[in-house]
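Per-entry structural report
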Amino acid sequence: MKTLIKDCCIIKMTNENEIIKKGYILIEEDKISKIGEGEYKDLKDEKLNIIDGEGTAAIPGLINTHTHCSMTLLRGYGEGLPLMKWLNEKIWPFEAKLDAEDIYIGAELAALEMIKSGTTCFLDMYYFEDDICKAVGQSGIRGIICTPVIGDDWQQRIERFKAFYKRNNGSFDGRIINMLAPHAPYTCTRESLEQSAKAAKEMNCGLHIHIAETLDEVETINKTYGCSPVEFLEQTGIFENKVIAAHCVHISDKDMEILKKYNVTAAHCPQSNMKLSSGISPVSKMLALGINVSLGTDGASSNNNLDMIEEMQTASYLQKLSTSDATALSPYETLEMATVNGAKALGLEKEIGKLDVGMKADIVLIDLNKPHMVPIFDVCANIVYSGSGKDVKTVIVNGKTVMEDYVVKTMNEKDILNSVKKSVENILSRQ
Ligand SMILES: N[C@@H](CCSC[C@H]1O[C@@H](n2cnc3c(=O)[nH]cnc32)[C@H](O)[C@@H]1O)C(=O)O
Ligand SMILES: [Zn+2]
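Here is what the cut-offs are and how they apply
- Residues numbered from 1 in each chain as written.
- Chains lettered and ligands numbered in written order.
- Predicted model: local features only at pLDDT ≥ 70, side-chain atom pairs only at ≥ 80, totals over all residues.
- Heavy atoms only, no water.
- UniProt positions renumbered as here; feature names shortened; annotations may be inferred.
- Salt bridge = Lys/Arg side-chain N within 4 Å of Asp/Glu carboxyl O.
- Helix = DSSP H or I, 4+ residues; strand = E, 2+ residues; numbered from the N terminus.
- Buried < 20%, exposed > 50% of the residue type's maximum accessible area, 1.4 Å probe, protein only.
- 1 Å grid on protein atoms, 1.4 Å probe; cavity = no way out; pocket = protein on both sides within 12 Å on 5 of 7 lines; lining within 4 Å.
- Points joined across faces, edges and corners; volume = space filled by probe spheres on them.
- Nonpolar A, V, L, I, M, F, W, Y, C, P; charged D, E, K, R; others polar.
- Donors = N, O, S within 2.8 Å, 3.2 Å for Na, K, Ca; no water.
- Contact = heavy atoms within 4.5 Å.

- Per an unreviewed UniProt entry, the recorded name for the protein is 5-methylthioadenosine/S-adenosylhomocysteine deaminase, and the organism is Oxobacter pfennigii.
- Word for word, the UniProt comment on the protein under Sequence similarities (unreviewed entry) is "Belongs to the metallo-dependent hydrolases superfamily. MTA/SAH deaminase family."
- The annotation that UniProt attaches to the protein under Function (unreviewed entry) is "Catalyzes the deamination of 5-methylthioadenosine and S-adenosyl-L-homocysteine into 5-methylthioinosine and S-inosyl-L-homocysteine, respectively. Is also able to deaminate adenosine."

1. Remarks on the pattern of salt bridges
- The tally for this structure, following the rule as stated, stands at 23 salt bridges.
- Between Glu129 and Arg160 there is a salt bridge; the shortest N-O distance is 3.1 Å. Highlighted residues: Glu129 in helix α3 (residues 129-139) and Arg160 in helix α4 (residues 154-168), separated in sequence by 31 residues.
- With a relative accessible area of 4%, Glu129 lands in the buried category.
- Residue Arg160 is classed as partly exposed on the basis of its relative accessible area, which comes to 35%.

2. Quick look at the layout of surface pockets
- If you add up the space inside the largest pocket, you get close to 380 Å³.
- Taken together, 22 residues form the lining of the largest pocket, with Trp92, Glu95, Tyr126, Ile150 and His183 sitting closest to its centre.
- If one sorts the elements of the lining of the largest pocket by residue count, helix α1 (residues 83-95) sits on top with six residues.
- Looking at the lining of the largest pocket, its residues break down into 14 nonpolar, four polar and four charged.
- A volume near 310 Å³ is recorded for the second largest pocket.
- As for the second largest pocket, its lining consists of 16 residues, of which Cys9, Lys21, Leu368, Ile376 and Val379 are closest to the centre.
- At the level of secondary structure, the elements contributing two or more residues to the lining of the second largest pocket comprise β1 (2-11) and β2 (19-28).
- Residues that form the lining of the second largest pocket fall into these classes: eight nonpolar, three polar and five charged.

3. Side note on the coordination of the zinc ion (ligand 2)
- Coordination of the zinc ion (ligand 2) by the protein is provided by His66 (NE2), His68 (NE2), His210 (NE2) and Asp298 (OD), with metal-donor distances spanning 2.0 to 2.3 Å.
- Mapping the donors of the zinc ion (ligand 2) onto the primary sequence yields the spacing H-x1-H-x141-H-x87-D. Of this pair, His68 sits in the loop between β6 (62-67) and α1 while Asp298 sits in the loop between β13 (293-295) and α11 (308-323), placing them 230 residues apart in sequence. For the residue pair His68 and Asp298, the accessibility class agrees, reading buried in each case.

4. A few points about the UniProt feature "binding site: substrate" (unreviewed entry) in the protein
- Here the UniProt feature "binding site: substrate" (unreviewed entry) sits at Glu95, His183, Glu213 and Asp298. Lining the largest pocket, from the residues just named, are Glu95, His183, Glu213 and Asp298.
- For Glu95, the position within the fold is in helix α1.
- Glu95 sits in the buried class, given a relative accessible area of 13%.
- With residues near it in sequence (within four places) discarded, Glu95 still touches Met71, Leu74, Tyr126 and Tyr127.
- Classification of Asp298 as buried rests on a relative accessible area of 5%.
- Setting aside residues no more than four positions away along its own chain, Asp298 makes contact with His66, Thr67, His68, Glu213, His247, Cys269, Ser272 and Leu306.

This is the structure:
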């Protein structure tokens, strides 16, 4: 069965000037087979499932390149603290009580929230990874699910990763991919970082890590190793792999040169950085230097949601403010961070991040028939500045419709919300 989306505005993300005012997208199997202006002509010969796109804008599914999915269970928990206090005093003690079932429910909640706000692919760093793969696989979206390397049992974790990777990488029609995630330079030892780098090379997979999130971190690393977090990580061999580095807030010009040299992607998380008072990442500067910068929400408890449209708005406004330049991060450039750059970060640029013939059909329809969305002088500005995840009407991933006309088809929303309540009650009752 083929699916035709008709009469929608199409933002292909192939070129800023290539926005189709009214056109169609034809989907065959998991891919886009035709895309064009006006009406699709060969209607009569084909059996088509038709989605009326009138009054919507089609964009590539949004790509969240840094989150901890089941932290949805910690939404609103541990407010008003800076990173280290937040982790040590609130988050880590809470996480110590979670079991596989909690993580599964938290991941379902995250997937549901992502679908409803237009995210079709995300990069995740959380534990009970097998359960996360299952929840995400069943939800219909794409997930790059990592095994975290943190703490004293890092050797076992790296070994665990190898078996985990064999079990899950490429599962659910290729929608699940696995990477290894050494947590951060201040929670990993030199040896555990070196061994993570080695394992990733052996498995030919990517690495996901937090880098230079706070000044505290920079000071700690400087005291311990006499250099910056980025310089230290270069020594460990981490950057000889595909690396997605969350945050990159406190980085020097020299650090940026290193990131550029190794093609490291910086996954910018502006709302989390603002909320934990971590600082402002030099995004415009990195982009000008040719560093790939993508976008992430971070976990729901430092944000407090997984809405990538809101995140785009924050990213753009924050660069305008911090550089004193109103032209900084235009709506189109910000959309690029959440689509094209995200795909590039993950090594999936030939498959997702753009709407074009031969690309996977990961498509989001944004509702423009709303008071806050008219008039339309610049459709990208309407989406990034006037819109939010709540304007996402229809979502297609890998050719399958996971939400149509605001109704999620792959998950039972009511059941999930009930399970979350029960799960949190259980967690709080544990010692
Ligand atoms: N403690 C678990 C989970 C590690 S996953 C990643 C960890 O990153 C934590 N985390 C979430 N947001 C941030 C952040 O912004 N910076 C650093 N760590 C974070 C999160 O709470 C979680 O503990 C284990 O032993 O496997
Ligand atoms: Zn994080």
